[in-house]
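# Structural description and commentary
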Amino acid sequence: MVPTSQQAAAGEQPSAAAPATDVALRVTGLDKSFGAVQVLRNASLVVRHGTIHALLGGNGSGKSTTIKILAGVYQADAGRLEIRGQGYDLAGYTPATAERSGLRFVHQDLGLFDDLSVEENFAFDAGFPRTSGGRIDWKTLRARVAELMRAYGIHGTPRTPVNRLRPADRTLVAIARALQDDAAGDCVVVLDEPTASLGKKESEELLGHVRRRADLGQTFVVVSHRMQEVLSVAQDFTVFRDGAVVGELVDAQPTEDEIVAIMAGRSVTALRPTGSISHATNDTVLEFRQIAAGPLTGVDLAVHRGEIVGIAGLAGSGRSTLLSVAFGDRAPDSGQMLLDGRPYAPRSIGAAMAAGVALVPEDRAHEAAFADLTTDENLSMSVLGRLWHGGLLRKRESRANARALIEKFGVHVAGPDALFSSMSGGNQQKVVLARWLQRDPQVILLDEPTQGVDVMSRADIYAVIRDAAATIGACVLIASSDIGELHALCDRVVVLGGGRIVHEVAARDVDVDDLTALVLKAPSAPGDVGAGTITEGALS
Ligand SMILES: Nc1ncnc2c1ncn2[C@@H]1O[C@H](COP(=O)(O)OP(=O)(O)OP(=O)(O)O)[C@@H](O)[C@H]1O
């Protein structure tokens, strides 16, 4: 019998108890250490056929390491995998074995060639079909890809360039491509943060398709920090804490609080800030006047000292573009910015930083970090002027500073000397946030500030952002696809659509559903009138 959620969560029933016929994948006795640090301890995972199985856990709990072992990227110290009736020793497992064993992986960056068409992307993975004369058989390829696109509900044609697809469709292309040679339908697909950069509507659409594929018998393992989404779509849950499995819930419908309590090992409340006091003043710090850049055609916005302003909008609406312009990373095509009432046109990131502006970009690990340097060095990077004295780096001060930030931001890391690359994704993000916030910037630009950050740490990050607005009077501009986050954290939220701001609301005047409705109905392209008619009275 499949263990009940209560039994399994309490650890009464070993994971090996699930009946063999039901099981698509079983991992047992998984151990892994990096040097002296053991990061997986006798971990296990049992995934049933045709289910969506969520892998949950706080930052650094061992989810990615488990997946990397299953992908053959890391070798386990010990552990066994059973899949499709075969057994494998995970200590000698390679990427080639992973592929042969029937595991498929869709990572957050999708690994697609964006400038190529959908059909070319499929062909690059499986090889181009050839005619008897040795030429590429485009007709066969196109028909096969068209069939797969229909089956997966992907909008577009085989000849559509991938960069013209909607974000949820791009993820579906990556999933369909990974499974294109799986005639028996018995591969297990691992989706790593599939909705991380998608808005609510796009996430729902994607997960709806994943749900339908699972109902047809496809098996999925999903890693995600977006708890509500995972809870709405998964049947089974394996929860990690400090490298060990601390909960297995089978055919269960847990609440977010129940899962978070298992993840944290205690009950956790107040994950979102509530009822906070606004510190917004009337003193304008940063002003955009008719800014046009990329998808933006004319943005007017004034952000005040101590104010936290959220930028909402569908994927592609220009949320990140607006932040890049403010950070001097991208020159606007037209329009003007003012900082403290004076013209502000930074020609470089350095110029923006010198003016007291800081940006934490969405792709922190690649754009904002030095993987081969230590945590201390990564943290010190933004305040070197403060730490150099007489041509020497004040090492002791730098380490003390790093320790304090590690503590303040709840970074799960061995210590200041640990390499940045050795940290889990969520912890790397916290370090990049900490690095910029310690500069006490007057303008803080945050792109998806809690993406990949576990629910337990979000509250800490929200508190730090609030604190920056309250104590140093920073003006904060946050782009996020998490509307609940914007609603809870911001004084004011602006909605981008069709290249400009189409709505502006005080967060306290609306609820999350109102705000979501405004975002979903916003026009998606310049001149587009949107999916519904919006009037200012739409909120009532
Ligand atoms: N290459 C490495 N060298 C040393 N330690 C590592 C390495 N990779 C991961 N770790 C450590 O292993 C532990 C588990 O990390 P892992 O990336 O598996 O966590 P995670 O659950 O995926 O976290 P997140 O939600 O933040 O992505 C962490 O303490 C991390 O610092």
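Under an unreviewed UniProt entry, the name given to the chain is Monosaccharide ABC transporter ATP-binding protein, CUT2 family, and the organism recorded is Jatrophihabitans endophyticus.

The next thing to look at is the sheet that holds strand β10 (residues 244–249). Reading across the sheet, the 6 strands line up as β6-β7-β8-β3-β9-β10 and stay open at both edges, with mixed pairing between neighbours. Each end of this open sheet is capped by a strand with a single partner; those strands are β6 (103–106) and β10. Between one strand and the next, the sheet's axes are offset by a mean angle of 20°, whatever the strand orientation. Two strands pair when backbone bridges link them, and strand β3 (residues 52–57) and strand β9 (residues 236–241) are joined in this way by 5 bridges, in the parallel orientation. Residue His53 lies in a different strand from β9, and its bridge partner there is Asp236.

Bringing the site of the ligand into the picture now. In the region of the ligand, 18 residues are neighbours, and Ser64, Thr65, Ser422, Ser424 and Gly426 sit closest. Separating an oxygen atom of the ligand from a side-chain N or O atom of Lys63 is a distance of 2.8 Å. A distance of 2.7 Å is found between an oxygen atom of the ligand and a side-chain nitrogen or oxygen belonging to Ser424. Where the shell around the ligand is concerned, the elements lending two or more residues are α2 (63–70) and α16 (425–437). Broken down by element, the residue count for the shell around the ligand peaks at 3 residues, all from α2. Its residues placed into classes, the shell around the ligand shows 4 nonpolar, 13 polar and 1 charged. The two domains that each donate at least three residues to the shell around the ligand are domain 1 (20–102 + 185–271) and domain 4 (370–424 + 431–438).

The element helix α10 (residues 319–326) is extensively covered by neighbouring structure, given that 7 of its 8 residues are classed as buried. Taken as a whole, α10 has its buried residues at Arg319, Thr321, Leu322, Leu323, Ser324, Val325 and Ala326.

Domain parsing of the chain yields domain 1 (20–102 + 185–271), domain 2 (112–181), domain 3 (273–356 + 440–528) and domain 4 (370–424 + 431–438). Here the C-alpha centre of domain 3 lies 37 Å away from the C-alpha centre of domain 2.

Enumeration according to the criterion identifies 19 salt bridges in this entry. A salt bridge links Glu119 to Arg142; the nearest nitrogen and oxygen atoms lie 2.8 Å apart. Taken as a pair, Glu119 in helix α4 (residues 118–126) and Arg142 in helix α5 (residues 138–151) lie far apart in primary sequence, 23 residues in all. Residue classification places Glu119 among the buried residues on the basis of a relative accessible area of 3%. Accessibility expressed as a relative area gives 26% for Arg142, which makes it partly exposed. For Glu147, the salt bridge goes to Arg150, with nearest N and O atoms at 3.1 Å. Here Glu147 and its partner Arg150 are both found in helix α5, 3 residues apart, which amounts to about one turn of the helix. On the basis of relative accessibility, which here comes to 44%, the residue Glu147 falls in the partly exposed class. Looking at Arg150, the relative accessible area reads 59%, which means it is exposed. Look at the salt bridges and you will find they share partners, linking Asp22, Arg48 and Asp236 into a network.

The rules we used
The residue numbers shown here count from 1 along each chain, following its written sequence. Local features are withheld for residues below a pLDDT of 70 in this predicted model, meaning they are given only at 70 or higher, and side-chain atom pairs are given and counted only at 80 or more; totals for whole chains, interfaces and linings count all residues. The side-chain quantities take in all heavy atoms of the structure and omit both hydrogens and water. Strand pairing is assigned whenever DSSP identifies at least 2 bridges connecting the two strands. Only runs of H or I of at least four residues qualify as helices and only runs of E of at least two qualify as strands under DSSP, and these elements are numbered from the N terminus. Between N-to-C directions, angles cover 0 to 180 degrees, with each direction set by a line fitted to C-alpha atoms, over the stretch in contact for helices. A single heavy atom is enough: if one lies within 4 Å of a molecule or strand, its residue is considered near that molecule or strand. Within 3.5 Å is the distance limit for a polar contact, defined as a pair of N or O atoms, with the added protein rule that one can donate a hydrogen and the other accept it, and that residues adjacent in sequence qualify only through two side-chain atoms. Only Asp, Glu, Lys and Arg are considered charged, only Ala, Val, Leu, Ile, Met, Phe, Trp, Tyr, Cys and Pro nonpolar, and every remaining residue, Gly among them, polar. Domain segmentation is taken from an automatic or database assignment of domains. The buried label applies to any residue whose accessible area, calculated with a 1.4 Å probe on protein chains only, is under 20% of its type's maximum; exposed applies above 50%, and partly exposed to all values in between. Note on definitions: salt bridges are taken to be side-chain nitrogens of Lys or Arg within 4 Å of carboxyl oxygens of Asp or Glu.

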